[in-house]
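As a plain string of letters, each chain reads:
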2 protein chains.
Amino acid sequence: MFVLEKQRQRAPSARSLQTRARILDAAELVFAERGFEGASIRDIAHLAGVQVGLVAHHGGSKEELFHLIVARRAGELSRLRINALEAARASAPLDLATILDCFIRPYVELAQGGDSHWVAYGRLVAHVSADPRWRDLAAECFDRTAQRFIAEIAALFPGAGPGTVAAGQVYAVSAMLAHVHSAWRIGALSPGSDAVGLDRLIAFCTAGVYAILTSDG
Amino acid sequence: MFVLEKQRQRAPSARSLQTRARILDAAELVFAERGFEGASIRDIAHLAGVQVGLVAHHGGSKEELFHLIVARRAGELSRLRINALEAARASAPLDLATILDCFIRPYVELAQGGDSHWVAYGRLVAHVSADPRWRDLAAECFDRTAQRFIAEIAALFPGAGPGTVAAGQVYAVSAMLAHVHSAWRIGALSPGSDAVGLDRLIAFCTAGVYAILTSDG
DNA sequence: GTCTATAATGAGATAGAC
DNA sequence: GTCTATCTCATTATAGAC
């Protein structure tokens, strides 16, 4: 991997990689905070501490940059989820609560672990899911893993229609995102609550999904 | 109400009211489709079929216009929800499923009834809920009714903490919004499904809320 | 790779004619 | 009330110096 032909081909210097990472990280925060249209390349550059032109240099156009940062985290998160699923399957037969736990817990623990970029990613996903403009991006980044989990759940409930499983998945994801990025709303509606509640979230989703799957067909 | 002093004070003509309504309706669709920053006054004017200057004349600044259209529908929807709650209470003691039904059904039926403006309103609410920038607007437009429903639910489950009830409410609302504005995702994940499923949505929320309330405290 | 400067576009808001 | 025209500002993207 470490070829020494820096003369012939451009080998990204450590400095370059660091700049690129700073730009992507800043873009993540700004896009999440203000949405695609509300974010400006200037804000991203300012937050990253680089010059405006560098953003285009490392991230391409605004749309390419957006695509880049969503795909980056989506890929990482998908791996974590699939790994959790495989680990759980290795230790015991999968049940509904475990499957949903494998989907929900990796992300929520990252988001609640103090990494603002994972909180930001949740908002990004909300933006992508809400806007049909990002339909292709959503399909590319989310669908493979979502389909995988849907198939696992469907295998447990052979009588349920595919639309019911998909609906449960979408509802669960939306509750998960609300849990992270609308925590301020929960707090506003109930002053003085604990506000952690990952197990509570998973219990909510499990009971909801179970209810619609067992009443189906 | 119909005073005849059109000479002294400006009495809005029928034409004016119609123009104003067209502008508000167009703004609703454009804001919902592209978000606050992504929407342009020019697009709104074009969709409404009026000149650009008229938007500012009838809607004020861009922020005022946004506030106006959100508050308008939120007020109407709140009335429908409270009316449903009172009607249900009059006929039978309230249970959890009924309370959630009174909250969810009025909106989803409007959105699924073919009125694109109510679908658009769902997207607007998603934008408002996701962006802390609209915290005050959310508090002004949503909190009173949400608190009312939270209180009704809390009365049924005296042992549950207030944070749990609020969390259930937020999860249910997010699932409801996902049901409407991410219907395309459910369809994408399960080709050929029916895609109506209001009862299914209410069953999901009821089971989820019930689960976290009964396991609490 | 990095930075400066600028081009080209589109935005919101407003003044004034009709 | 309506419409035209324009002001001012911020945006993305890019060309070129170092």
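Residues numbered from 1 in each chain as written. Chains lettered and ligands numbered in written order. Predicted model: local features only at pLDDT ≥ 70, side-chain atom pairs only at ≥ 80, totals over all residues. Heavy atoms only, no water.

The name that an unreviewed UniProt entry assigns to chain A is TetR family transcriptional regulator, with the source organism given as Ruegeria aquimaris.

(A) Main features of the protein's contact with DNA strand D. Around DNA strand D, a shell composed of 15 residues is seen, among which Ile41 and Arg42 of chain A together with Thr19, Gln51 and His58 of chain B lie nearest. Here a phosphate oxygen of DNA strand D and a backbone polar atom of Lys62 of chain A are 3.4 Å apart. His58 of chain B places a polar side-chain atom, nitrogen or oxygen, 3.0 Å from a phosphate oxygen of DNA strand D. At the level of elements, helix H2 (41–48) and helix H3 (52–59) of chain A together with helix H1 (14–38) and helix H3 (52–59) of chain B are the ones that each hand at least two residues to the surface near DNA strand D. When grouped by side-chain class, the residues that make up the surface near DNA strand D number 4 nonpolar, 8 polar and 3 charged. (Near = heavy atom within 4 Å. Polar contact = N/O pair within 3.5 Å; in protein donor to acceptor, adjacent residues only side chain to side chain. Helix = DSSP H or I, 4+ residues; strand = E, 2+ residues; numbered from the N terminus. Nonpolar A, V, L, I, M, F, W, Y, C, P; charged D, E, K, R; others polar.)

(B) Quick look at the UniProt feature "domain: HTH tetR-type" (unreviewed entry) in chain A. Following the UniProt record, the feature "domain: HTH tetR-type" (unreviewed entry) maps to residues 17–77 of chain A here. The span residues 17–77 of chain A carries 89% helix and 0% strand; its end-to-end C-alpha distance comes to 22 Å. (UniProt positions renumbered as here; feature names shortened; annotations may be inferred.)

(C) Layout of the UniProt feature "DNA-binding region" (unreviewed entry) in chain A. Per the UniProt annotation, the sites labelled "DNA-binding region" (unreviewed entry) are residues 40–59 of chain A. Secondary structure over residues 40–59 of chain A splits into 80% helix and 0% strand, and the C-alpha atoms at its two ends are 13 Å apart.

(D) Layout of the pattern of salt bridges. Taken as a whole and judged by the stated rule, the model has 26 salt bridges over all chains. Where Asp43 of chain A meets Arg34 of chain A, a salt bridge forms, and the shortest distance between an N and an O atom there is 3.1 Å. A residue is classified by how much of its surface remains accessible, and Arg34 of chain A, at 41% relative accessible area, is partly exposed. Where Arg89 of chain B meets Glu152 of chain B, a salt bridge forms, and the shortest distance between an N and an O atom there is 2.6 Å. Placement of the pair is Arg89 of chain B in helix H4 (residues 62–91) and Glu152 of chain B in helix H7 (residues 135–156), with a sequence separation of 63 residues. Judged by its relative accessible area of 15%, Glu152 of chain B falls in the buried class. Each of Asp25, Glu28, Arg72 and Arg73 of chain A takes part in one network of salt bridges that share partners. (Salt bridge = Lys/Arg side-chain N within 4 Å of Asp/Glu carboxyl O. Buried < 20%, exposed > 50% of the residue type's maximum accessible area, 1.4 Å probe, protein only.)

(E) Spotlight on the interface of chain B and chain A. Each side of the interface is counted separately: chain B has 50 residues, and chain A has 51 residues. The contact between chain B and chain A buries some 4,200 Å² in all, and 69% of this surface belongs to carbon and sulfur atoms. Taken together, chain B and chain A are joined by 0 salt bridges. Where chain B meets chain A, there are 5 residue pairs in polar contact (both at pLDDT 80 or more). (Contact = heavy atoms within 4.5 Å. Buried area = accessible area lost by both parts, 1.4 Å probe.)

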